[in-house]
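What the coordinates show
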Amino acid sequence: MSIRDDHADGGPGARSGGGPALTVIDAERASIAAGLPRAEAQYLLQALLGVSRAWLIGHDTDLLDAVTAERFRHWLARRLDGVPLAYLTGEKEFFGLTLRVTPDTLIPRPDTELLVQWALERLDGPRAPRVVDLGTGTGAIALSIKSQRPDADVRMVDFSPGALAVALDNAQRLGLQVDAHLGSWFEPLAGQVPFDLIVSNPPYVAGDDHHLDALKHEPRTALTPEGDGLADLRHLIEGAPAWLRADGWLLLEHGFDQADAVAAMLRARGFIEVETRRDLGGQPRATGGRWPG
């Protein structure tokens, strides 16, 4: 793979503007000097060039062509402004799947994989189970379940046209057949038969939570319902029984400090076998229950 830009009037790496020519190692060192961790600098270069880390190390004196060097400078400036890596590279790995992400979608977090694992446990019995992922975003949860249970009838719902378009694109690229519905929570499911499993990672951050400042590049509506952060969780718990089969499950991701409140709401609504599971950092991250038969 060549990344040199040989111009007849200037030799290797000659430029027509936009800053001095850069080698791979120059770009890496400039990033580190600007405050970017080395691992992130290498990740950006790998994504930009479409190469492995080993290739990067072995070709550190190769010259970036003019277009690539300028694009790297642009990425670096945006990253230093706090733009997430996934929005720069346009992809994020989740549960073994490479998903396209855009600023229309929340970036899938590794902690959400526990929700997928839990969902697959609850689907271990039924054949051809019916599953719906509410507030699907990139489609991460729905597509991960479908990839492991090809027999499942999986549906994904989102009120954002932009997010749903990304989820559908991910489904098509991955060759996973799912149905998509545009609308708010249960509304676009009118007329559907009950589900064996409802799963959701809804907005749950409180509107005044200072963590929102660090997440300014992600869609606010995917992060918070404002108020105390429980509004969408409460809506899902209240509405889910009308869409669940007897012995069906509702599994919800929530904030680390919301487990008790979510568990109490589930029990008050009539769910049984209510349980909370912890994320990779040991924080209570998902709570669910079974609708009695």
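Residue numbers here run from 1 along each chain, matching the order of that chain's written sequence. Local features in this predicted model are restricted to residues of pLDDT 70 or higher, and side-chain atom pairs are both shown and tallied only at a pLDDT of 80 or more, whereas totals for entire chains, interfaces and linings draw on every residue. Heavy atoms throughout the structure, all of them, feed into the side-chain values; hydrogens and water do not.

1. Notes on the pattern of salt bridges
The cut-off we apply is this: Note on definitions: salt bridges are taken to be side-chain nitrogens of Lys or Arg within 4 Å of carboxyl oxygens of Asp or Glu. Put simply, DSSP H or I for four residues or longer makes a helix, DSSP E for two residues or longer makes a strand, and each gets a number counted from the N terminus. Partly exposed describes any residue whose relative accessible area lies between the buried limit of under 20% and the exposed limit of over 50%, with all areas from a 1.4 Å probe on protein chains only and scaled to the type maximum.
Overall, the coordinates contain 19 salt bridges when judged by the stated rule. The partner of Arg-155 in a salt bridge is Asp-179, with the nearest N and O atoms 3.4 Å apart. In this pair, Arg-155 is assigned in strand E6 (residues 153-158) and Asp-179 in strand E7 (residues 179-182), connecting sequence segments 24 residues apart. Take Arg-155: its relative accessible area is 11%, and that puts it in the buried class. Across the pair Glu-238 and Arg-269 runs a salt bridge, and its minimum N-O distance is 3.6 Å. Placement of the pair is Glu-238 in helix H9 (residues 231-239) and Arg-269 in helix H10 (residues 259-269), with a sequence separation of 31 residues. Residue class for Glu-238 comes out partly exposed when judged on its relative accessible area of 46%. One network of salt bridges, with partners in common, ties together Glu-121, Arg-122, Glu-275 and Arg-277.

2. Considerations on the side chain of Thr-136
Applied cut-off: Any two residues whose heavy atoms approach within 4.5 Å are treated as being in contact.
Following the sequence through the fold, Thr-136 ends up in the loop between strand E5 (130-134) and helix H7 (140-148). Once you skip the residues sitting within four places of it in the chain, Thr-136 turns out to touch Ala-142, Met-156, Val-157, Asp-158, Leu-164 and Ala-167.

3. Some thoughts on the pairing of strand E9 (residues 244-253)
Rule in force here: Here, any two strands with at least 2 DSSP bridges between them count as paired. The definition of a right-handed crossover adopted here requires that, viewed with the strands pointing away, the path from the first strand over the helix to the second runs clockwise.
The buried count for E9 comes to seven of 10 residues, which makes it a mostly enclosed element. Looking at chain direction, strand E8 (residues 195-200) and E9 are connected through five bridges and run parallel. By the bridge assignment, Val-199 is partnered in E9 with Leu-251. Taken together, E8, H9 and E9 constitute a β-α-β crossover, and its handedness is right-handed. Summarising the sheet, E9 and strand E11 (residues 284-290) pair through five bridges and their orientation is antiparallel. By the bridge assignment for E11, Leu-250 is matched with Gly-289.

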